[in-house]
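One letter stands for each residue in the lines below.
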Protein chains: 2
Amino acid sequence: MRWFALDRGSSLPLTRQIYGELSSQILGGELRAGERLPSTREAAGELGVSRNVVMEAYEQLAAEGFLLGISGAGTYVAEGSRLGFPSRRPPGPGAPAEPEPSRAPGREEGSRACAIDFRLGRPALDLVPYRAWARLECEARLGAPVEALGGAEPEGQPELREALQAYLWRRRGIDCRPEQIAISSGALQGLSTLASLVLEPGSPVLFEDPGHVLAREAFAARGAAILPIPVDEEGLRTELLPRDSRPALAFVTPSHQFPLGGCLSVQRRVALVEWAREAGCLLVEDDYESEFRYDVGPVSSLQRLDPENVAYVGTFSKVFFPAIRLGYLVLPERLVEGYLSRRRLADRYGAPPPQLAMARFIGEGRLDKHIARMRRIYRGRRDALVGALEAAFPGRARILGRATGLHVAVRFEGLAFGPPLIESIRRAGVILHPVEDYALVKGSHSGTVAMGYSHLEVEEIERGVAILAGIL
Amino acid sequence: MRWFALDRGSSLPLTRQIYGELSSQILGGELRAGERLPSTREAAGELGVSRNVVMEAYEQLAAEGFLLGISGAGTYVAEGSRLGFPSRRPPGPGAPAEPEPSRAPGREEGSRACAIDFRLGRPALDLVPYRAWARLECEARLGAPVEALGGAEPEGQPELREALQAYLWRRRGIDCRPEQIAISSGALQGLSTLASLVLEPGSPVLFEDPGHVLAREAFAARGAAILPIPVDEEGLRTELLPRDSRPALAFVTPSHQFPLGGCLSVQRRVALVEWAREAGCLLVEDDYESEFRYDVGPVSSLQRLDPENVAYVGTFSKVFFPAIRLGYLVLPERLVEGYLSRRRLADRYGAPPPQLAMARFIGEGRLDKHIARMRRIYRGRRDALVGALEAAFPGRARILGRATGLHVAVRFEGLAFGPPLIESIRRAGVILHPVEDYALVKGSHSGTVAMGYSHLEVEEIERGVAILAGIL
């Protein structure tokens with residue numbers, strides 16, 4: 001046995017240090033099977049520790065099978081405890097490696113400190129009534145009965161499902177039972193879990209093109225074969241729905257096509273739900289920000305047209321804030337049980353307190369109030385963006401999808417937003433998001449960018465457009 | 001057009017009621033394409049509302065494409081807005097369906113109010129320092145900077161990953177960088193996400209038999225072909241590891257085999273990691289409750305023997321409480337990036353506040369204190385169970401896996417715990433969990449039950465064993 005030094009300044013107890021060093025010597029082959037260890041008295045003297053400390057380490061090593069015979073005449077290294085491959089040095093005593101400098105929480109990719117980023121789907125975080133919300137959540141947390149610490153159900157808290165039933169009926173014309181509502185940890189989890197239920201490897205999935213990249217990747221990760229269907233200014237081009245193939249699922253954003261902004265007309269909605277029934281294809285309606293409709297009232301959901309074949313996906317990420325991690329699905333009855341069994345396998349269930357707080361927040365009318373307030377503010381920001389664009393680019397910028405949501409799409413005549421142009425705009429202090437970035441089939445939208453306005457002050461919007469006007 | 005009544009007591013605005021009724025009549029074909037609607041004046045008179053209310057409803061219907069020409073000489077139903085299949089009646093005005101009576105939060109299946117349930121893996125929830133914890137979480141929530149509401153990273157908060165690095169080094173001999181630690185929403189999410197990265201449909205996955213049912217189902221849901229490997233009292237029988245097939249992944253519980261309780265000896269550990277390297281098989285070590293080790297110190301992790309080929313899975317469900325929804329993985333460097341891209345597609349990221357609170361809870365030594373306290377209490381409960389069983393069944397009950405964790409396995413000589421026996425025990429007020437329930441290959445463990453003691457008072461444990469003694 002090779003003697004070694006103990007680190008008396010370490011947070012690791014001496015017993016654990018002796019254990020670590022001896023087990024490393026055995027695993028590494030320095031101490032061989034059959035070799036006799038020093039007595040606890042001898043080791044204690046050599047290492048300058050009490051016999052108890054050595055005895056504890058030996059007992060631990062024996063319990064794990066490294067050593068034999070510690071209670072008898074001698075202590076020996078057991079057979080078969082040497083690793084047969086060269087390993088990274090097993091940890092001996094000492095401090096753990098220097099931690100990397102921590103990053104600020106909430107850091108987001110693609111945003112620069114000073115740049116005006118017309119990013120999509122970003123609510124105005126500074127206007128979230130966060131302290132009021134945090135208090136509700138704390139109350140929900142402090143008020144939890146002891147049994148609630150033990151677990152919950154995959155469908156989510158009944159209080160929130162009932163609050164959502166009334167909310168969805170009132171706002172979206174959705175008539176469902178609370179049992180059809182499944183709370184998720186954000187909309188993407190709902191999509192991903194639903195995909196795991198409905199899709200087999202290779203299942204065709206119909207997807208709007210351009211469309212929601214992360215959702216598309218989530219379906220692809222479940223083995224989907226993505227079939228892109230082009231969209232125009234009115235949304236999905238239903239005349240291009242395939243007549244010969246039978247997709248398992250179609251993902252659509254009828255209220256405000258992401259990212260082009262079109263609102264699907266009732267004629268296309270009817271064509272879509274009829275086609276889907278015929279094709280045996282489940283429709284998944286992602287209704288991500290329809291609460292913000294500025295010029296007329298909210299357009300009804302697609303779900304309303306065929307509750308038995310449309311799964312409706314909603315989220316609190318846009319109406320409230322993304323890090324809340326709360327979304328929900330309204331499922332056709334036939335899918336409820338299967339969906340919940342999949343959710344159970346994905347992560348069992350979500351933490352109850354935010355759900356209970358949101359149930360109260362909705363029930364007390366505070367979410368409606370927040371939405372009404374934000375709708376006014378977002379409308380002002382939209383008007384500022386549209387006005388600035390029309391003034392800066394008269395007749396040259398066509399603005400799509402202005403009626404709803406947190407962004408518009410802007411088509412510039414005769415321009416192509418390739419990487420060099422985007423980069424020079426970025427250097428001037430504006431971050432733009434080309435619609436081509438969201439397209440699977442490239443080349444049809446090179447003159448169009450999507451511009452989110454919800455998180456920007458009017459002054460920033462105007463300054464951003466002025467910078468654009470200077471470049472384009 | 002068929003006239004209809006408005007419900008003035010409804011929470012639904014009158015405009016929305018008119019909209020709902022007219023759109024239903026159009027979708028259902030009662031109002032046909034080309035049909036002229038009454039003027040707003042006429043409709044207002046008929047329905048007893050102001051013209052504005054009707055005008056708003058018409059505008060909404062026109063915006064969605066149901067109606068044409070509302071600003072001109074007459075208002076007509078548009079083509080193509082009739083559903084071609086009989087649908088559930090679309091919702092008209094009226095109250096939503098009566099909600100079902102809500103269930104109590106935290107309801108758990110399989111437990112009866114008065115029965116003594118020797119369930120597995122259940123911490124003593126009444127001893128969780130919950131108010132102190134809730135305060136920490138509330139502080140983390142109230143202290144969040146505005147940008148933190150916008151999002152976070154899939155790997156979790158850096159504060160918790162750094163706290164875990166030190167914790168894992170100290171307790172489990174794990175030497176890793178914080179970048180290898182990925183926070184998950186419970187251990188199962190980590191497993192499920194890892195499976196989605198490593199497995200193809202049909203990939204063979206080696207699984208302890210008997211073993212953790214939900215984890216097995218999560219792997220199967222990802223397309224795994226489960227290969228059961230028998231376990232004995234010392235854990236996985238490594239001499240039965242397949243020499244001819246190359247599983248993609250092997251799921252093991254070396255600290256305290258679930259549910260038989262064996263602790264894998266160092267000889268088997270060495271055999272396992274060497275075999276896995278040879279076979280190109282990723283080892284997944286589920287270390288679900290190794291913090292509770294009563295007779296000697298904690299056995300080192302398998303991860304320590306081969307950090308490049310063992311993914312270590314940990315959870316706060318047992319050391320703290322299940323509804324906290326916090327777990328973590330320590331990943332081999334080569335898997336980190338792929339894993340995080342999968343986590344992003346599963347649900348993007350977990351809510352930061354519980355992570356920040358846990359970082360403080362660990363950093364201030366409070367988790368260690370809680371674990372030390374619970375270890376004393378659980379040891380007392382284990383001693384009570386073992387003592388009561390040995391007194392009630394002298395020489396007839398063999399107790400396995402007593403050294404660690406929250407349960408033991410008990411083998412009764414000459415007994416078989418089939419459904420009739422389990423049911424008659426249940427009727428006497430005791431719920432027992434046969435090991436056969438966890439087995440894929442049935443028939444090898446019919447005389448063995450797993451008995452969790454952590455959540456039961458000594459008095460309950462003794463009463464439960466007395467009831468058993470009366471029946472067996």
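Residues numbered from 1 in each chain as written. Chains lettered and ligands numbered in written order. Predicted model: local features only at pLDDT ≥ 70, side-chain atom pairs only at ≥ 80, totals over all residues. Heavy atoms only, no water.

1. Thoughts on the state of the cysteines
The tally for this structure, following the rule as stated, stands at one disulfide over all chains. Across the disulfide, cysteine 138 of chain A is cross-linked to cysteine 138 of chain B (sulfur-sulfur distance 2.5 Å). With cysteine 138 of chain A in helix H4 (residues 130-142) and cysteine 138 of chain B in helix H4 (residues 130-142), this pair bridges two chains. Here the two residues cysteine 138 of chain A and cysteine 138 of chain B agree in accessibility, since each one is buried. (Disulfide = S-S within 2.5 Å. Helix = DSSP H or I, 4+ residues; strand = E, 2+ residues; numbered from the N terminus. Buried < 20%, exposed > 50% of the residue type's maximum accessible area, 1.4 Å probe, protein only.)

2. Here we look at the packing of aromatic side chains
Residues and elements named next belong to chain A. Scanning the entire structure with this criterion turns up 28 aromatic pairs over all chains. Between the aromatic rings of tryptophan 133 and phenylalanine 320, the centroid separation amounts to 5.3 Å while the plane-to-plane angle is 80 degrees, which identifies the pairing as edge-to-face. Pair noted here: tryptophan 133 is in helix H4 and phenylalanine 320 is in the loop between strand E10 (310-315) and strand E11 (327-330), with a separation of 187 residues, a long-range link. Just as tryptophan 133 is buried, phenylalanine 320 falls in that class too. With 6.0 Å between their ring centres and 70 degrees between their planes, phenylalanine 207 and phenylalanine 219 make a pair best called edge-to-face. Here phenylalanine 219 lies in helix H7 (residues 213-221) and phenylalanine 207 lies in strand E5 (residues 204-209), a separation of 12 residues in the sequence. Considered together, phenylalanine 207 and phenylalanine 219 belong to a single accessibility category, that of buried residues. (Phe/Tyr/Trp six-rings, centres within 6.5 Å; stacked < 30°, edge-to-face > 60°.)

3. Points about the relation of the copies chain A and chain B
At an RMSD of 0.0 Å, chain A and chain B line up after a rotation of 180 degrees and a shift of 0.0 Å along the axis. On the angle and the small slide along the axis, the relation comes out as a two-fold axis. Among all C-alpha atoms of chain A, that of cysteine 138 of chain A lies closest to the rotation axis, at 2.8 Å. The residues that chain A uses at the interface reappear at the interface of chain B in 99% of cases, marking a shared surface. (Least-squares fit on C-alpha atoms with pLDDT ≥ 70 in both. Contact = heavy atoms within 4.5 Å.)

4. What about the pattern of salt bridges?
In total, this model carries 54 salt bridges over all chains according to the counting rule given. Close ionic contact of arginine 360 of chain A with glutamate 364 of chain A constitutes a salt bridge, the shortest N to O distance being 3.1 Å. Its relative accessible area of 42% is what places glutamate 364 of chain A among the partly exposed residues. Taking the shortest distance from any N to any O, the salt bridge between arginine 382 of chain B and aspartate 295 of chain B comes out at 2.9 Å. Here arginine 382 of chain B, found in helix H11 (residues 366-392), pairs with aspartate 295 of chain B, found in the loop between strand E9 (282-286) and strand E10 (310-315); they are 87 residues apart in sequence, far enough to count as distant. The class of arginine 382 of chain B is buried, set by a relative accessible area of 6%. Overlapping salt bridges, with partners in common, bring together Glu137 and Arg141 of chain A together with Glu137 and Arg141 of chain B in one network. (Salt bridge = Lys/Arg side-chain N within 4 Å of Asp/Glu carboxyl O.)

5. Here we look at the confidence of the model for chain A
Residues and elements named next belong to chain A. Taken over all residues, the pLDDT of chain A has a mean of 90, while the share at 70 or more is 94%. This model gives residues 89-112 a pLDDT under 50, and the stretch forms 49 contacts once residues within four places in sequence are excluded. Our summary of model confidence lists the complex with pTM equal to 0.87 and ipTM equal to 0.87. (pLDDT = per-residue confidence, 0-100.)

6. A look at the sheet that holds strand E13 (residues 407-412) of chain B
All names here are of chain B. With antiparallel pairing, the four strands of this open sheet are ordered in space as E12-E13-E16-E15. Each edge of the sheet is formed by a strand with only one pairing partner; in this case those strands are strand E12 (397-400) and strand E15 (433-434). Bridging between E13 and strand E16 (residues 448-452) involves five bridges; their strand directions are antiparallel. For arginine 411, the partnering residue across the bridge sits in E16 and is threonine 448. (Pairing = 2+ DSSP bridges.)

7. Overview of the interface of chain A and chain B
If you look at the interface, chain A gives 118 residues, while chain B gives 117 residues. Here chain A meets chain B over a buried area of about 10200 Å², counting both sides, of which 55% is carbon and sulfur. Contact with chain B buries area across many residues of chain A, yet Leu149, Trp169 and Arg304 of chain A alone supply 8% of it, more than any other trio. Where chain A touches chain B, the interface holds two salt bridges. The tally of links between chain A and chain B comes to 38 residue pairs in polar contact (both at pLDDT 80 or more). (Buried area = accessible area lost by both parts, 1.4 Å probe. Polar contact = N/O pair within 3.5 Å; in protein donor to acceptor, adjacent residues only side chain to side chain.)

8. Quick notes on the sheet that holds strand E4 (residues 181-184) of chain A
Residues and elements named next belong to chain A. Spatial strand order, E4-E11-E10-E9-E8-E5-E6-E7: eight strands in an open sheet with mixed pairing. Across the chains shown, the open sheet's two edge strands, defined by having one partner strand only, are E4 and strand E7 (235-236). Relative to E7, strand E6 (residues 225-232) runs antiparallel, the two being bridged by two bridges. The residue bridging valine 231 from the neighbouring strand is leucine 236, located in E7. Where helix H9 (residues 333-347) meets the sheet, its contacts fall on E4, strand E9 (282-286) and E11, and the angle it forms with E4 comes to roughly 20 degrees. (Axes fitted to C-alpha atoms, helices over the stretch in contact; angles between N-to-C directions.)

9. Points about H11 of chain B
An α-helical turn contains 3.6 residues, so a residue and the one three or four places further along point in the same direction. Residues and elements named next belong to chain B. Over its 27 residues, H11 runs 39 Å from end to end, which matches the ideal 39 Å to within 8%, given 1.5 Å per residue. Among the residues making up H11, those that are buried are Leu367, His370, Ile371, Met374, Tyr378, Arg381, Arg382, Ala384, Leu385, Val386, Ala388 and Leu389. The inward-facing, buried residues of H11 contact helix H5 (158-172), helix H10 (352-363), E12, E13, E16 and helix H13 (458-471). (Expected span 1.5 Å × (residues − 1).)

10. Some words on the packing of helix H5 (residues 158-172) of chain A against helix H11 (residues 366-392) of chain A
Residue and element names in this part refer to chain A. As a packed pair, H5 and H11 sit with axes 12 Å apart at the nearest point and diverge in direction by 35 degrees. On H11, the residues touching Tyr167, Arg170 and Arg171 of H5 are Leu367, Asp368, Ile371 and Arg375. In terms of residue class, the contact of H5 with H11 is built from three nonpolar, no polar and four charged. (Nonpolar A, V, L, I, M, F, W, Y, C, P; charged D, E, K, R; others polar.)

11. Concerning the side chain of glutamine 180 of chain A
In this fold, glutamine 180 of chain A is placed in the loop between H5 and E4. With sequence-adjacent residues up to four places away left out, glutamine 180 of chain A is seen in contact with Leu329, Val330, Leu331, Pro332, Glu333 and Val336 of chain A.

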